[in-house]
Amino acid sequence: MAQFTTLTSRMMPMPVDNIDTDQIIPARFLKTISKEGLDKQLFNDWRYDASGNPKPDFILNAPEWQGVRILLAGDNFGCGSSREHAPWALTQWGFRAILSTSFADIFKSNALKNGLVPVVVSREVHAKLFELVAADAQAAVTIDLASQTLTLPGGAKVEFPVDAFSKHCLLEGVDELGYILQQAPAIEAYEARKDVHLNTLQPS
Amino acid sequence: MSTPRTIIEKLWDSHVVAEREGAPSLIYIDLHLVHEVTSPQAFAGLRARGLKVRRPRNTFATTDHSTPTTPRSLPIVDPIAKAQVERLESNCEEFGIPYFGFQSPHQGIVHVIGPENGLTQPGMTVVCGDSHTATHGAFGALAFGIGTSEVEMVLATQCLLQRKSKTYEVRVDGALKPGVTAKDIILALIARIGVGGGTGCVFEYRGTAISALSMEERMTVCNMSIEGGARAGLIAPDDKTYQFLAGKPFVPKDAAWDAAVERWKKLPTDPGAAYDRTISMDANELEPMITFGTNPGMGIPVSGVVPDPSSLSDPLERDSLAKALRYMDLTPGKPLAGQPVNVVFVGSCTNSRMSDLRAAAGVLKGRKVNPKVRMMVVPGSMEIKRQAEAEGLDKVFREAGADWREAGCSMCIAMNGDQLQPGEYSVSTSNRNFEGRQGKGGRTFLASPLTAAASAIAGVVTDARKL
């Protein structure tokens, strides 16, 4: 997994609540058996017109927003489908962090496994960030994962929550599967326990 | 005496493999369901690391999402979908995983075939790379959707790293009025708490109105837990659960069955157990529900009017509702009943089981689908298709002018050829009304099979009780 330590970037504002993973990447692009090339379909139906041309008024298409690494989105980002194609598409486009007041559970779990940091801020900070971006598109923030701080334009710092394990994995670029594989003895011990009923499925 | 526990805590406690300081708990997974869309990258990951599937016999696959619902004698026309379906089958062969493939007489929607075959059992942890895995919670299982990285972890280790969720009691007491269904219970709950209302929680549905539901109806309720933000939602097992499962192909037999039922009887929440959160609803007050917007929380009684964004004080909420109404091209303050519809879809892991098909057929019998409406009825599994045909339901649908198709996710996810055209309105028995969910530019009203069938006949959104 890609490491994450600190990130300074402008914030692309997307002031919509409940942006679901069908918007992040529509289902018809999930027929692929690969993880690659999904950046082209990120926000596909908001991004392209009926003929497949980029809509100039959609922010992802604006030349001045290219290269931005942080998305500033509305509440409950990533709700709906469990598709990991959503964080794959977001990271392939270049996003490394998303700022919101809350994230849907499955999206958050998927994002953290792909080096994409969901940063939860208070409603007050959230509203202020939208104001700052509206006033100055160059307004940038710094995310420092080790200290769990978000530095606002002007230098004020706010803390954000990250669980210790996800933080460790992101800082070190550690892969969760590798960590579980190390626990094979515990898994074997569980499978051997007398009081555990293992539902081995066999047609009878 | 030990502290009283909820069923959610009992399921959690019995599946903890290891706990380490500073890390989430390692949780054992009893049943891993696999489908074609969210698994190919996971199998590729196993191959790249040289790993095997730890317990292929606790893993089961079928093809449903990108699978066409056209007659099975026809080939899969879309070459990309065909490659994906074939890749699932070759992955299952390579890794020794049992599966119901595209041509299997038992193929169906993954959340339909699990219970239908008794793969889903009380007391289990069940995962699938699909957010509607909560469906299996109807059997008293802790069942939740996972991403593809987690699919790979479960294939390789049969375990997942998880943080304990909060417990959320959803009490529904009283009796549903005639014409009000399980779908209306869950749509009413989501309309009340919002699509993020259950984030971080597992729902336990209980109360007299929940106990009164059949197993199929319980699956409809649990299925949409994720639309209320909860990764899982469940109902404690009872005699209905055991009667449903008895004799299913994958459940234990004879003495092992008796022992299993004895184990399962210990699962229900202990008297006096505390929940982190609680909500109560009165079933007597519920009306048939329908959504008007672009998420499942935007729901109203079918007799209601489209809400007005200007009534909301929070600017982001106001803009989000206004955006939804622009997409849906609906006018605030106007009743939804009477809104013309182009398509009616009966199907999906929410409402594609026998009782759903019987309900829709009951409305359609002796009537005709409005000539302006295209109606699709898609059974949840090939098994259900055969049973429906044995009961003559297919004739009712066909004589009414509806299209009777093969099993699959169909127009719920619109990645298999079944979809809305831009601007079309549909009444759908599925679970998501997100922008473009049923086809780019398509507009979805979510409702029960009764409301869907009544709307198909009238050609406009219709309360089945007034047909």
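We now turn to the structure provided with this report.

Criteria and thresholds
- Residues numbered from 1 in each chain as written.
- Chains lettered and ligands numbered in written order.
- Predicted model: local features only at pLDDT ≥ 70, side-chain atom pairs only at ≥ 80, totals over all residues.
- Heavy atoms only, no water.
- Helix = DSSP H or I, 4+ residues; strand = E, 2+ residues; numbered from the N terminus.
- Rg over C-alpha atoms; globule rule 2.2 N^0.38 Å.
- Buried < 20%, exposed > 50% of the residue type's maximum accessible area, 1.4 Å probe, protein only.
- Areas by Shrake-Rupley, 256 points an atom, 1.4 Å probe, with all protein chains shown as cover.
- Lys, Arg positive; Asp, Glu negative; His and termini not counted.
- Charge placed at Lys NZ, Arg CZ, Asp CG, Glu CD.
- Contact = heavy atoms within 4.5 Å.
- Buried area = accessible area lost by both parts, 1.4 Å probe.
- Salt bridge = Lys/Arg side-chain N within 4 Å of Asp/Glu carboxyl O.
- Polar contact = N/O pair within 3.5 Å; in protein donor to acceptor, adjacent residues only side chain to side chain.
- Nonpolar A, V, L, I, M, F, W, Y, C, P; charged D, E, K, R; others polar.
- Core = buried A, V, L, I, M, F, W, Y, C linked by side-chain atoms within 4.5 Å.
- Axes fitted to C-alpha atoms, helices over the stretch in contact; angles between N-to-C directions.
- Parallel < 35°, antiparallel > 145°, perpendicular 65-115°, else oblique.
- Left-handed = near helix turned anticlockwise from the far one by under 90°.
- Arc of directions from axis to C-beta.
- Pairing = 2+ DSSP bridges.
- Right-handed = clockwise from strand over helix to strand, strands pointing away.
- Phe/Tyr/Trp six-rings, centres within 6.5 Å; stacked < 30°, edge-to-face > 60°.
- Disulfide = S-S within 2.5 Å.

### A look at the overall build of chain B
Broken down by element type, chain B carries 15 helices and 19 strands. At 21 Å, chain B has a C-alpha radius of gyration in line with the 23 Å of a compact globule built from 467 residues. Across the 467 residues that make up chain B, the buried fraction comes to 65%. Of the roughly 15,500 Å² that chain B leaves accessible, carbon and sulfur atoms contribute 52%. Counting 51 positive and 50 negative side-chain charges, chain B places the averaged centre of each group 2 Å from the other.

### Section: the interface of chain B and chain A
With 75 residues of chain B at the contact, the number on the chain A side is 64 residues. In total, about 5,900 Å² of surface goes out of reach between chain B and chain A, with carbon and sulfur atoms giving 56% of it. Residue D22 of chain A is joined to R437 of chain B by a salt bridge in which the shortest nitrogen-to-oxygen separation is 2.9 Å. Put simply, chain B and chain A have 23 residue pairs in polar contact (both at pLDDT 80 or more) between them. For the side of chain B that touches chain A, the elements supplying multiple residues, two or more each, are strand 1 (16-18), strand 2 (25-28), helix 2 (40-49), helix 3 (79-95), helix 5 (148-157), strand 8 (159-162) and helix 11 (315-328) of chain B. Grouping the constituent residues of the side of chain B that touches chain A by class yields 32 nonpolar, 21 polar and 22 charged.

### With respect to the nonpolar core
Within the largest apolar cluster, 107 residues are counted, with the highest numbers of intra-cluster contacts made by F43 and L90 of chain A. With residues near it in sequence (within four places) discarded, L90 of chain A still touches I24, L42, F43, L71, F77, F95, I98, F107 and L116 of chain A. One finds I8, V127, A236 and V251 of chain B within the second-largest nonpolar core, a separate group that totals 86 residues.

### A closer look at the packing of helix 2 of chain B against helix 5 of chain B
All names here are of chain B. Where helix 2 contacts helix 5, the axes come no closer than 8 Å and their chain directions differ by 50°. What the angle tells us is that helix 2 and helix 5 run oblique. Pair helix 2 / helix 5 crosses with right-handed handedness. Judged by residue contacts, Q41, A42, F43, G45, L46 and R49 of helix 2 engage T148, V151, E152, L155 and A156 from helix 5. Classifying every residue of the contact of helix 2 with helix 5 by side-chain character gives six nonpolar, three polar and two charged.

### Some remarks on helix 14 (residues 393-400) of chain B
Each full turn of the α-helix corresponds to 3.6 residues, which orients residues three or four apart in the same direction. All names here are of chain B. The set of residues buried in helix 14 consists of L393, D394, V396, F397 and A400. Down the axis of helix 14, the buried side of the element spans an arc of 160°, and every buried residue falls inside it. Elements in contact with the buried residues of helix 14: helix 12 (354-364), strand 16 (374-377), helix 13 (382-390) and strand 17 (403-404). Phi for G401, located one or two positions after helix 14, is positive at around 105°.

### Focus: the pairing of strand 3 (residues 31-34) of chain B
All names here are of chain B. Residues of strand 3 alternate between two faces, with L31 and L33 on one and H32 and V34 on the opposite face, all of them buried. Pairing of strand 3 with strand 6 (residues 125-128), which is carried by three bridges, proceeds in the parallel orientation. Paired with L31 across the strands is V126, a residue of strand 6. Bridge count for strand 3 against strand 4 (residues 59-62) is three bridges, and the pairing is parallel. Bridge pairing links L33 to F60 in strand 4. With respect to chirality, the unit in which strand 3 leads through helix 2 into the neighbouring parallel strand 4 is right-handed.

### Examining unusual backbone geometry
Residue and element names in this part refer to chain B. Positive phi is not limited to glycine here, since D254 has a value of about 55°. Structurally, D254 can be placed in helix 10 (residues 254-264). Of the residues examined, D254 reaches a relative accessible area of 66% and is grouped as exposed.

### Concerning the side chain of S426 of chain B
Residues and elements named next belong to chain B. Its place among the elements puts S426 in strand 18 (residues 425-428). A polar side-chain atom of S426 sits 3.0 Å from a polar atom in the side chain of S428. Separated by 3.0 Å, the side chains of S426 and Q438 make a polar contact. Residue contacts for S426: discarding those within four places in its chain leaves V343, M411, L420, Q438, R443, T444 and F445.

### Points about the packing of aromatic side chains
Pairs of aromatic rings are described using the distance from one ring centre to the other and the angle between the two planes. One pass over the structure, following the stated rule, counts 18 aromatic pairs over all chains. Centre to centre, the rings of F203 of chain B and Y205 of chain B are 5.7 Å apart; their planes meet at 55°, and the pair counts as tilted. We note that F203 of chain B, like Y205 of chain B, is buried. Consider the rings of Y242 of chain B and W264 of chain B, whose centres lie 6.0 Å apart with planes at 25°: the pair is stacked. One end of the pair, Y242 of chain B, is in helix 9 (residues 239-245); the other, W264 of chain B, is in helix 10, with 22 residues separating them in the sequence. Counting every residue linked through ring pairs, the aromatic cluster contains F43, W46 and F58 of chain A.

### Observations regarding helix 5 of chain B
Residues and elements named next belong to chain B. Among the 10 residues of helix 5, 10 are classified as buried, and the element is accordingly described as predominantly covered. Those residues of helix 5 not exposed but buried are T148, S149, E150, V151, E152, M153, V154, L155, A156 and T157. Q158, located one to two residues past helix 5, shows a positive phi value of around 60°.

### Some remarks on the environment of G436 of chain B
Residues and elements named next belong to chain B. Positionally, G436 belongs in the loop between strand 18 and strand 19 (443-446). On the basis of relative accessibility, which here comes to 13%, the residue G436 falls in the buried class. G436 sits 142 residues away from T294 along the chain, and the two C-alpha atoms are 9.1 Å apart.

### Digging into the sheet that holds strand 3 of chain B
Strands belonging to one sheet form pairs held by backbone hydrogen bonds; the direction of such a pair is parallel or antiparallel. Pairing within the open sheet is parallel, and its five strands lie in the order 5-4-3-6-7 (chain B). The two strands at the open ends of the sheet, each matched to only one other strand, are strand 5 (99-100) and strand 7 (142-145) of chain B.

### Examining the pattern of salt bridges
One side chain can pair with another of opposite charge once the charged atoms of both are near each other. All names here are of chain B. Tallied over the full model, the rule gives 36 salt bridges over all chains. The salt bridge involving R206 is made with E204; its shortest N-O contact spans 3.6 Å. Accessibility expressed as a relative area gives 2% for E204, which makes it buried. The salt bridge partner of R386 is E383, with a shortest N-O separation of 3.0 Å. Of this pair, R386 and E383 both sit in helix 13, separated by three residues, roughly a single helical turn. Given a relative accessible area of 36%, R386 falls into the partly exposed group. Of the residues examined, E383 reaches a relative accessible area of 32% and is grouped as partly exposed.

### Considerations on the state of the cysteines
Residues and elements named next belong to chain B. Considering all chains together, one arrives at zero disulfides over all chains under this definition. For C128, which is in no disulfide, the shortest distance to another cysteine sulfur is to C409 and amounts to 9.7 Å. Residue class for C128 comes out buried when judged on its relative accessible area of 0%. In this model C222 remains outside any disulfide bridge; the closest cysteine sulfur is found in C349, 12 Å from its own. For C222, a relative accessible area of 0% puts it in the buried group.

From the geometry alone we can't say anything about function, so treat these as descriptive.
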